[in-house]
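# Residue-level structure breakdown
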Amino acid sequence: MKWRPIIAGGLACAAVAGVALWVVHANPVGHWLEVHTGTVNEPGPYYGFWSGFGSDLTEFAVIGTIATGVYQLVKKYNCHYPGCWRVGNHQAAGGQFSLCYRHHPDYQGKKPNAELIQRLHREHLERQAAIHGKLNEIHQRLMTKPAAADRAAAPAAPAAPAASAAPSASSGNAQAGPGAPDGPSTQRGT
Ligand SMILES: [Zn+2]
């Protein structure tokens, strides 16, 4: 049962009925509106409201907008650990989480000191170098023997991750292009 269209339809019907009632009873409704918004009988019973509290309604809207903005900012920048109110500007899991130093798994509950920063930076560089080295290796393999991967089924097994990783590694390369789609197709055939 889909409730959303039913509710939307009901609201639309109610709106139409309201407009129809307003049109049929144009005079009393119009008069009621005029009195309650203070457009006739200006010093009437609603004068005090519209010159006092009622004149601040727009300011409440502004305050509400600001409050919503602040709430969104807090939601964006606070630590994603449940119930934590610190500012979380340390990325974890490749940017999925913004965590404070206390909840980031790399820092183990302590503020990162110089030694930890050095170590993490070094590890990051080593990881990057390893990834690039691997990609280069795959690229070289694809460039030198694209035909060998087609002919033999046995070497295709170690070449499988190479074939799947190849498009990102050699996307701009016209020569590696034909070699990359061939790898998975032979893989699937065997
Ligand atoms: Zn936290």
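What you are looking at is a predicted structure, and each value in this text was computed from that prediction instead of being measured.

What counts and what doesn't
Residue numbers restart at each chain and count upward from 1, following the sequence in its written direction. Residues qualify for local features only when their pLDDT is at least 70, as the model is predicted, and side-chain atom pairs are given and counted only at 80 or more; totals for whole chains, interfaces and linings, by contrast, use all residues. The basis for every side-chain value is the complete set of heavy atoms in the structure, and neither hydrogens nor water enter the calculation. The helix and strand labels rest on DSSP assignments: H or I over at least four residues marks a helix, E over at least two residues marks a strand, and numbering proceeds from the N terminus. For each residue, the accessible area found with a 1.4 Å probe, counting protein chains only, is set against the maximum for its type, and the residue is called buried under 20%, exposed over 50%, and partly exposed in between. Here, residues are in contact when the closest pair of their heavy atoms is within 4.5 Å. All accessible-area figures derive from a Shrake-Rupley calculation using a 1.4 Å probe, and residue coverage is judged against the displayed protein chains alone. Counted as coordinating are nitrogen, oxygen and sulfur atoms within 2.8 Å of the metal, or 3.2 Å for Na, K and Ca, while water is not included, which may make sites look incomplete. In short, tetrahedral needs four donors with all angles between 85 and 135 degrees, square planar needs four and octahedral six donors with opposite donors over 155 degrees apart and all other angles between 65 and 115, and whatever is left is irregular. Definition of a polar contact: a pair of N or O atoms within 3.5 Å, with one able to donate and the other able to accept a hydrogen when the atoms are protein atoms, and with sequence-neighbouring residues admitted only if both atoms are side-chain atoms.

### Observations regarding the overall build of the protein chain
Tallying secondary structure elements over the protein chain gives eight helices and two strands in all. For the protein chain, the succession of helices and strands along the chain, N to C, is α-α-α-α-β-β-α-α-α-α. Buried residues in the protein chain amount to 14% of all 190 residues. Of the contacts formed within the protein chain by residues at least 6 apart in sequence, a portion of 17% connects residues at least 24 apart. Accessible area for the protein chain stands at about 14300 Å²; split by element, carbon and sulfur atoms hold 64% of it.

### Some remarks on the coordination of the zinc ion
Within the protein, the atoms that donate to the zinc ion are Cys-79 (SG), Cys-84 (SG), Cys-100 (SG) and His-103 (ND1), at distances of 2.0 to 2.3 Å. Angles of 103 to 115 degrees at the metal separate the four donor atoms of the zinc ion, which places the site in the tetrahedral class. Summarised as a motif, the one-chain spacing of the donors to the zinc ion is C-x4-C-x15-C-x2-H. Here the residue Cys-84 occupies a position in the loop between helix H4 (57–77) and strand S1 (90–92), and His-103 occupies one in the loop between strand S2 (97–99) and helix H5 (114–144), the gap between them amounting to 19 residues. Looking at His-103, the relative accessible area reads 23%, which means it is partly exposed.

### Observations regarding the side chain of Ser-98
Locating Ser-98 in the fold gives a position in strand S2. You can call Ser-98 buried: its relative accessible area is 12%. Side chain to side chain, Ser-98 and Gln-91 meet in a polar contact 3.5 Å long.

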